[in-house]
Amino acid sequence: MSKENKKNIETICVQAGWTPKKGEPRVLPIYQSTTFKYETSEQMGKLFDLEESGYFYTRLQNPTNDAVADKITQLEGGVAGMLTSSGQAASFYALFNICSAGDHFVSASTIYGGTYNLFAVTMKKLGIDVTFIDQDASEEEISKAFQPNTKALFAETISNPAMNVLDIEKFARIAHSHGVPLIVDNTFPTPINCRPFQWGADIIIHSTTKYMDGHAAAVGGAIVDSGNFDWEAYADKFPGLTQPDESYHGLTYTKAFGKGAYITKAVVQLMRDLGSAQSPQNAFLLNLGLETLHLRVPRHCENALKVAQYLQSHPKVAWVHYPKLEDNKYYELSEKYLPNGACGVMTFGIKGGRDESVRFMDSLKLVAIVTHVADARTCVLHPASHTHRQLSDEQLISAGVAPDLIRLSVGIENVNDIINDIEQALEDVK
Ligand SMILES: *Cc1c(COP(=O)(O)O)cnc(C)c1O
C-alpha cells in the first residue's frame, strides 16, 4: 500500500518502498521466511479475519514483496499494488478479480501472444468471454463490443510485438461510458516513459520480467490500482467488491478497505486461493533492477531510435515499425503519450520475406535469438515461429504480426556495436 507520491521518479526508483529505521539494513532485506510469529492465538486470528493487517504467510504477503510493490505503486502514482509470480498471473488476476463465469470483457486484439491465449482460450474455459477489437477503430465502433455483462476494457500502452501505441484517453472514455474500468498493460513504456493513470486508466499491470527487472534474471508481475474507479457507483456490476464475501465472514471490500478494495481482494482472495506469489528472492532482484530503471530506459530508447533509423535507410530492409520514426503511423500518439521515448523494441521485415528474415537472424553474432524482450542485452525473435506459434494465420494478422516480422529488442550496449552486427548479418541476406 502506497503513501502519497511526492518525490521525483528517479528518487522513487532508487529509494522508495524500503525505508529502514535506526539500525536496520540500508538495503532491502530478503525476508526468506514462509511464516511470521505472533504472541497470542488471538493476534493471529485477527489477521485471518482481516481485522488487523500483518504478515502471517508469504503466499499472501511478505515484507520484501510489499516494499517492491510499494515502489512500483509509487512509480505509477497509484494507491495500492501487489506483486505476482509473472506478468501472466498479473493479467489473469486483474481481470479475474472482477469477472466470473458468465461475464465478458473487451480487449484490444494486438496484445502479447501469451495474454491473447489466456483471454481467448483459458479464460473462455472458465466461462469468461472476451471480444477482441481493433484499438484504432472509432469510439463508436469499439462501443459496439460492449454487452450488459461486460466488466472491463483491456489494452497495452505499446503492444508487444505489434508496437501499436494506445490512445489511452480514448480508451478511458469508452470504458467509463460503459461503467467499467480500463486495465492497461504498461510493460513496454514503464512508468519512466508513460504513466497511464494520468490519462484515465484505472488499473495497470506489468510483466516486471521485462525492463523493470531489466537483466532477464527474474520472472515477475505487478498490479497497481489508481483508486479512481468507483466500484460502488456500479455496485450491481461488481458484486465481488461491493457484496459480502462469505469466505471472510461477510466482509465487504469496498466498505472495509475503500480505495484499497480492489488490491486487498486480489491479495486475500485470489492470492490465497490461486497462490501465484512472487518469491521474495525474485522481488529483491526486481528491486535492484528498479533502482536503475530511470537510467536504463532512456538509453534503450536512444539506441533503439538510432537502430530504427539505420534499418530504415538499409536497401535490404522492407519496412521498420517503431513509433518514434517520424513517418510512423503512431508517431503523433507517441509524441502525446510517450514524449520522452517509447521503448527499446521495434519490428521490421527483410526484403525476400520470411526465409530471408530467418537467414538474417541466424547470421547475427552479438545479437542473440532468445524468447525474451526488453532487457539489457540486444536480442531478436521471430514471433511467427516462436511466441505466436499457436496462432493461425488469421489470428496472427489480427494480432498485428506479419509472417516476416522480426522483433528486435535493442539493449544498452554501445549502439555502434549493435549496428555493426546487424550490418554484417544483412550482408548474408540475398
Ligand atoms: C512478457 C509480457 C507479458 C507476460 O509476462 P510474463 O512475465 O512473461 O508472464 C505480458 N504483457 C507483455 C506486454 C509482455 O511483454
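Thresholds applied
- Residue indices begin from 1 for each chain and proceed along its sequence in written order.
- Residue-level local features of this predicted model are given only where pLDDT is at least 70; pairs of side-chain atoms are given and counted only at 80 or more, and the full residue set underlies all totals for whole chains, interfaces and linings.
- Only hydrogens and water are set aside; all other atoms, that is, all heavy atoms of the structure, feed into the side-chain values.
- A pair of aromatic rings is counted whenever rings of Phe, Tyr or Trp (Trp by its six-membered ring) have centres within 6.5 Å, and the orientation is called stacked for planes under 30 degrees apart, edge-to-face for over 60 and tilted otherwise.
- Helix numbers and strand numbers start at the N terminus; a helix is a DSSP run of H or I with at least 4 residues, a strand a run of E with at least 2.
- Only protein chains enter the accessibility calculation, which uses a 1.4 Å probe; a residue is then buried when its area is under 20% of its type maximum, exposed when over 50%, and partly exposed in between.
- A ring is scored as having a charge over it whenever the NZ atom of a lysine or the CZ atom of an arginine sits within 6 Å of its centre and within 35 degrees of its normal.
- Criterion used throughout: strands pair if DSSP finds at least two bridges between them.
- Any pair of residues with heavy atoms lying within 4.5 Å of one another is described as a contacting pair.
- Each axis is a line fitted through C-alpha atoms, and for a helix only the stretch in contact is used; angles between axes span 0 to 180 degrees, taken between their N-to-C directions.
- Residues are classed as near a molecule or strand on a simple rule: at least one heavy atom within 4 Å of it.
- Under the rule applied, a polar contact is a pair of N or O atoms within 3.5 Å (in protein, one hydrogen donor and one hydrogen acceptor; residues adjacent in sequence only if both atoms are side-chain atoms).
- Only the protein chains shown count as covering a residue, and every accessible area follows the Shrake-Rupley method with a 1.4 Å probe.
- Any residue that is not Ala, Val, Leu, Ile, Met, Phe, Trp, Tyr, Cys, Pro, Asp, Glu, Lys or Arg is counted as polar, Gly included; the first ten are nonpolar and the last four charged.
- We define a nonpolar core as any set of buried Ala, Val, Leu, Ile, Met, Phe, Trp, Tyr and Cys residues linked to one another through side-chain atoms lying within 4.5 Å.
- Residue ranges assigned to each domain were obtained from an automatic or database domain assignment.
- Two parts lose some accessible area (1.4 Å probe) when they are put together, and adding that loss for both gives the buried area.

J.: Tell me about the packing of aromatic side chains, and please be specific about residues and values.
T.: Summed over the entire model, instances satisfying the criterion amount to 15 aromatic pairs. Here the aromatic rings of phenylalanine 105 and phenylalanine 119 are separated by 4.8 Å at their centres, their planes lie at 85°, and the arrangement is edge-to-face. With a gap of 14 residues between them, phenylalanine 105 in strand 2 (residues 104-108) and phenylalanine 119 in helix 5 (residues 113-125) connect regions that are remote in the sequence. Side by side, phenylalanine 105 and phenylalanine 119 carry an identical accessibility label, which is buried. Aromatic side chains tryptophan 231 and tyrosine 262 sit 5.5 Å apart centroid to centroid with 5° between the ring planes, which places their arrangement in the stacked category. Taken as a pair, tryptophan 231 in the loop between strand 7 (221-225) and helix 9 (239-242) and tyrosine 262 in helix 11 (residues 261-274) lie far apart in primary sequence, 31 residues in all. Here the two residues tryptophan 231 and tyrosine 262 agree in accessibility, since each one is buried. Site record: aromatic cluster; members linked through ring pairs are Phe229, Trp231, Tyr234, Phe238 and Tyr262. The aromatic ring of tyrosine 112 is capped on one face by lysine 210, whose charged end is 5.0 Å from the ring centroid.

J.: Any details on the pairing of strand 7? Residues and values, ideally.
T.: Counting buried positions over the 5 residues of strand 7 gives 5, a clear majority of the element. A two-sided burial pattern is seen for strand 7, the buried positions comprising Gly221, Ile223 and Asp225 on one face and Ala222 and Val224 on the other. Direction of pairing for strand 1 (residues 80-84) relative to strand 7: antiparallel, over a ladder of 5 bridges. Counterpart to glycine 81 in the pairing with strand 7 is valine 224. As judged from the 5 bridges shared by strand 6 (residues 203-207) and strand 7, these two strands associate in the antiparallel manner. Bridge pairing in strand 7 links serine 207 to glycine 221.

J.: Can you tell me about the sheet that holds strand 8 (residues 317-321), naming the residues and giving the values?
T.: Within the open sheet, the 5 strands sit side by side as 8-9-12-11-10. Their pairing is mixed. One side of each edge strand has no neighbouring strand; the edge strands of this open sheet are strand 8 and strand 10 (368-369). Strand direction decides the pairing type here: strand 10 and strand 11 (residues 379-381), joined by 2 bridges, are parallel. Bridge pairing in strand 11 places alanine 368 opposite cysteine 379. Against the sheet, helix 13 (residues 293-312) makes contact with strand 8, strand 9 (345-350) and strand 12 (406-409), and its axis sits at roughly 15° relative to strand 9, the strand it touches most.

J.: An account of the site of the ligand is requested, with residue identities and associated values reported.
T.: Taken together, 14 residues lie near the ligand, and Asn160, Asp185, Ser207, Thr209 and Lys210 sit nearest. Within the side chain of serine 207, one N or O atom sits 2.8 Å away from an oxygen atom of the ligand. Protein coverage of the free-state accessible area of the ligand, which is 380 Å², stands at 93%. Grouping the constituent residues of the shell around the ligand by class yields 2 nonpolar, 9 polar and 3 charged.

J.: Explain the environment of lysine 46 to me, and be specific about the residues and the numbers.
T.: Take lysine 46: it is sitting in helix 2 (residues 41-48). Note on lysine 46: relative accessible area 27%, which makes it partly exposed. Once the C-alpha coordinates of lysine 46 and threonine 347 are considered, the two residues, 301 residues apart in sequence, prove to be 53 Å apart. Aside from chain neighbours lying at most four places away, what touches lysine 46 is Glu51 and Glu52.

J.: Tell me what's going on with the nonpolar core, and back it up with residues and numbers.
T.: Burial of nonpolar side chains together is a common tendency in soluble globular proteins. With 127 residues, the main nonpolar core has Ile223, Val307, Leu311, Phe360, Leu408 and Ile422 as its most contacted residues. If near-sequence neighbours (up to four positions away) are discounted, valine 307 is found in contact with Met346, Leu408, Val410, Val415, Ile418, Ile419 and Ile422.

J.: Any details on the sheet that holds strand 5 (residues 182-185)? Residues and values, ideally.
T.: Judged by pairing direction, the sheet is mixed, and its 7 strands sit side by side in the order 1-7-6-5-4-2-3 without closing on themselves. A strand with exactly one partner marks an edge of an open sheet, and here the two such strands are strand 1 and strand 3 (129-133). Neighbour-to-neighbour, the strand axes of this sheet turn through a mean angle of 20°, independent of strand direction. When strand 2 meets strand 3, the two strands line up parallel, connected through 5 bridges. The residue bridging histidine 104 from the neighbouring strand is aspartate 129, located in strand 3. The sheet strands contacting helix 4 (residues 87-96) are strand 1, strand 2, strand 4 (150-156), strand 5, strand 6 and strand 7, and the helix crosses strand 6 at an angle near 160°. The sheet contacts of helix 7 (residues 168-177) involve strand 3, strand 4 and strand 5, and relative to strand 4 the element is tilted by about 175°.

J.: Now, about the domain arrangement of the chain: what can you tell me, with residues and values included?
T.: By the assigned domains, the chain splits into domain 1 (9-289) and domain 2 (295-426). Between the C-alpha centres of domain 1 and domain 2 there is a distance of 29 Å. Facing 34 residues of domain 1, the contacting portion of domain 2 comprises 37 residues. Both sides together, the interface formed by domain 1 and domain 2 hides about 3000 Å², and carbon and sulfur atoms give 60% of it.

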